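The residues making up each chain are set out below.
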Amino acid sequence: MARRTSAPEPALVTALRAALPVWPVVRRVLMTVFGLQLLLAISLTLVDSYRRRGKRPAKFPVTPPTAVEVEGGTVTTYTFGQDLYDDMLEAIAGARSRILFETYIWKGDAVGERFKRALTEAAERGVDVYVIYDGFANLVVPRRFKRFSPALRVLEFPVYNAGLRPFDLRRYGRDHRKILVVDDQVGFVGGYNVGTAYATEWRDTHCRITGPGVFDLSRAFADFWNLHRRSRGRMGRHVDRPLLLETVADWAPHIRVHRNVPRMWMFPIRSMYLEAINRAQHHIWMTHAYFIPDEDFVDSLVAAAQRGVDVRLLVPAKSNHVVADWLSRGYYSQLLAAGIRIFRYTGAMVHAKTATIDGSWSTIGTANIDRLSMTGNYEVNVEFIDPAMAAKMETIFRTDLGNCTELRADEWTARGIHRRFTEAVLAPLRPLL
């Protein structure tokens, strides 16, 4: 009787059998690496928090709010929170028909209470007041502050918005926008959240718009409201009703409002920046609180510098997120080697998200240069194609340079080995932030 021989084992099965003994080692290595990153990030955060205790930010130079004419209206730029809040509250107090108020962080402190009271008073005198705030960003805000008058229409963008679709990445963006529109006549947008510290201690940039550009801010708010009015977050009276806009404004080619909408997989702000950078011929001056760009963004800045463009990047010397600082520093060697100048803002937190290019183009908005803002969160930026507005933004940038120290290439090269180690270990976290 012939002996039966077994069929040869498939190559894939053989490869898997060979790999099985290696997998535990690979798993341990991965856990060690990611564990080290997590431990380092937590340690840096705790140490930074300890060092900040009891410290007050230093005073910083500001540019007084002045208006320039753009596209049949005006644009007023603010670099000091108290000036901005005074004008926002004045606009709310004078509202006659409708207020659209949206913010990422809304502190339950004295400034937050002033805004809450002003909005409530407007609603109680017959103004339609719509309010949106981000639930996750305000987890630490006392629940009592989140109890609103029934006269307000309030939508809390939920902490978890995916519902029964946990793998739908379109539903995980945060509402990072800051918008106020009053009577469709005046609109405010920029980097300022609402809170006492932001009034005097943070250097940020916001703008007030009148004219045709206001309609696009109203539309941005209404589209968000209508998209999420049936969400699972905390809701007030009549939140499930759509917000309809009665009028349509004319096109305003010199003021363009760009909105990131993760739910629709729309991220035009990144494209706006890349197009402007790639067109630059003379100078690119950017101010950003958190600078963690993707490779294409870095390549565009490097290419601009290599063709002779004066590229300057203004960032905080120390931001309120120490891990973001370390991730940002990982790009400095490449940027400095390309001739890009880096200025670090000292003494206070610079939270602005602005840029100006070639004396013609500028932008003010809510989007940082990082993955969360470029391809993750709900954001809004206003693009201005106007020489007068660009000149104003250049004046602000020069004023801010007076509170900066420039980072020299030789200084950066001489940094310690522990700093290089920290940058290298944290580098894989860049795509997450």
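The rules behind the values
Residues numbered from 1 in each chain as written. Predicted model: local features only at pLDDT ≥ 70, side-chain atom pairs only at ≥ 80, totals over all residues. Heavy atoms only, no water. Pairing = 2+ DSSP bridges. Helix = DSSP H or I, 4+ residues; strand = E, 2+ residues; numbered from the N terminus. Axes fitted to C-alpha atoms, helices over the stretch in contact; angles between N-to-C directions. Contact = heavy atoms within 4.5 Å. Core = buried A, V, L, I, M, F, W, Y, C linked by side-chain atoms within 4.5 Å. Buried < 20%, exposed > 50% of the residue type's maximum accessible area, 1.4 Å probe, protein only. Salt bridge = Lys/Arg side-chain N within 4 Å of Asp/Glu carboxyl O. UniProt positions renumbered as here; feature names shortened; annotations may be inferred. Lys, Arg positive; Asp, Glu negative; His and termini not counted. Polar contact = N/O pair within 3.5 Å; in protein donor to acceptor, adjacent residues only side chain to side chain. Expected span 1.5 Å × (residues − 1). Arc of directions from axis to C-beta.

**Q** Can you walk me through the sheet that holds strand β9 (residues 206-210) in this structure?
**A** Two modes of strand pairing occur in sheets, parallel and antiparallel, and in both the strands are linked by backbone hydrogen bonds. Strand order in the open sheet formed by eight strands is β1-β2-β9-β7-β6-β3-β4-β5, with mixed pairing between adjacent strands. Each edge of the open sheet carries a strand with a single partner, namely β1 (67-70) and β5 (153-157). Along the sheet, successive strands turn relative to each other by an average axial angle of 15 degrees, direction set aside. Bridging between strand β3 (residues 98-103) and strand β6 (residues 179-182) involves four bridges; their strand directions are antiparallel. Residue pairing across strands places Ile99 opposite Val182, the latter belonging to β6. Along the sheet, helix α3 (residues 81-93) makes contact with β2 (73-78), β3, β6, β7 (186-190) and β9, crossing β7 at roughly 150 degrees. Sitting on the sheet, helix α6 (residues 213-228) is in contact with β3, β4 (128-134), β5, β6, β7 and β9, with an inclination near 70 degrees to β4.

**Q** For this particular structure, what's the right way to read the nonpolar core?
**A** Burial of nonpolar side chains together is a common tendency in soluble globular proteins. If you look at the biggest cluster of nonpolar residues, it comprises 84 residues, and the most contacted ones within it are Ile99, Phe101, Trp106, Phe115 and Ile284. Contacts of Ile284, omitting those with residues within four sequence positions, involve Ile277, Leu301, Ala304, Val309, Asp310, Val311, Arg312, Thr356 and Ile357. Counting residues in each nonpolar core, the second largest holds 32 residues, with Cys207, Ala220, Ala222 and Tyr378 among its members.

**Q** Please explain the pattern of salt bridges as it appears in this structure.
**A** When the charged atoms of two side chains lie near each other, side chains of opposite charge can form a pair. Across all of its chains, the model carries 19 salt bridges by this definition. Note that Glu113 and Arg144 form a salt bridge whose closest N and O atoms lie 3.6 Å from each other. Of this pair, Glu113 sits in helix α4 (residues 110-124) while Arg144 sits in the loop between β4 and β5, placing them 31 residues apart in sequence. Between Arg398 and Glu394 there is a salt bridge; the shortest N-O distance is 3.9 Å. Of this pair, Arg398 and Glu394 are both found in helix α12 (residues 387-401), four residues apart, which corresponds to roughly one turn of the helix. Each of Glu102, Asp175 and Arg177 takes part in salt bridges that share partners, so that together they form one network.

**Q** What is the right way to read the UniProt feature "domain: PLD phosphodiesterase" (unreviewed entry) in the protein from this model?
**A** Following the UniProt record, one finds the feature "domain: PLD phosphodiesterase" (unreviewed entry) at residues 171-198 and 346-373. Segment residues 171-198 splits into 11% helix and 32% strand. End C-alpha atoms: 29 Å apart. Within residues 346-373, the helical portion is 11% and the strand portion 43%, while the C-alpha atoms at the span's ends are 24 Å from each other.

**Q** Could you clarify how one ought to interpret the side chain of Lys178 in this entry?
**A** Turning to its location among the elements, Lys178 is positioned in the loop between β5 and β6. Here Lys178 sits buried without a salt bridge, and the closest side chain of opposite charge, Glu379, lies 5.5 Å off (N-O distance). A polar contact is formed between the side chain of Lys178 and the backbone oxygen of His176, at a distance of 3.0 Å. Residues in contact with Lys178, not counting those within four places in the same chain, are Glu102, Thr103, Tyr104, Phe188, Val189, Gly190, Gly191, Tyr192, Asn193, His206 and Thr366.

**Q** What's the story with the sheet that holds strand β18 (residues 404-407) in this structure? I'm lost.
**A** Taken in spatial order, the eight strands of this open sheet run β10-β17-β16-β15-β11-β12-β13-β18, and their pairing is mixed. Each edge of the open sheet is held by one strand with a lone partner, namely β10 (255-260) and β18. The sheet shows a mean angle of 20 degrees between the axes of neighbouring strands, direction not considered. In this sheet, β18 lies alongside strand β13 (residues 341-345) in antiparallel orientation, the contact comprising four bridges. The partner of Ile342 across the bridge, within β18, is Leu407. α12 contacts β11 (283-288), β12 (310-316), β13, β15 (353-357), β16 (361-365), β17 (379-385) and β18 of the sheet and is inclined by roughly 70 degrees relative to β16.

**Q** Sorry, what's going on with α3 here?
**A** Residues lying three or four places apart along an α-helix face the same way, a consequence of the helix completing one turn every 3.6 residues. For α3, spanning 13 residues, the distance from its first C-alpha to its last is 18 Å, which sits close to the expected 18 Å at 1.5 Å a residue. By the burial criterion, the buried members of α3 are Gly81, Leu84, Tyr85, Met88, Leu89, Ala91 and Ile92. For α3, the angular spread of the buried residues around the axis is 155 degrees, confining them to a single face. Exposed residues lying more than 90 degrees from the buried face of α3 are Glu90 and Ala93.

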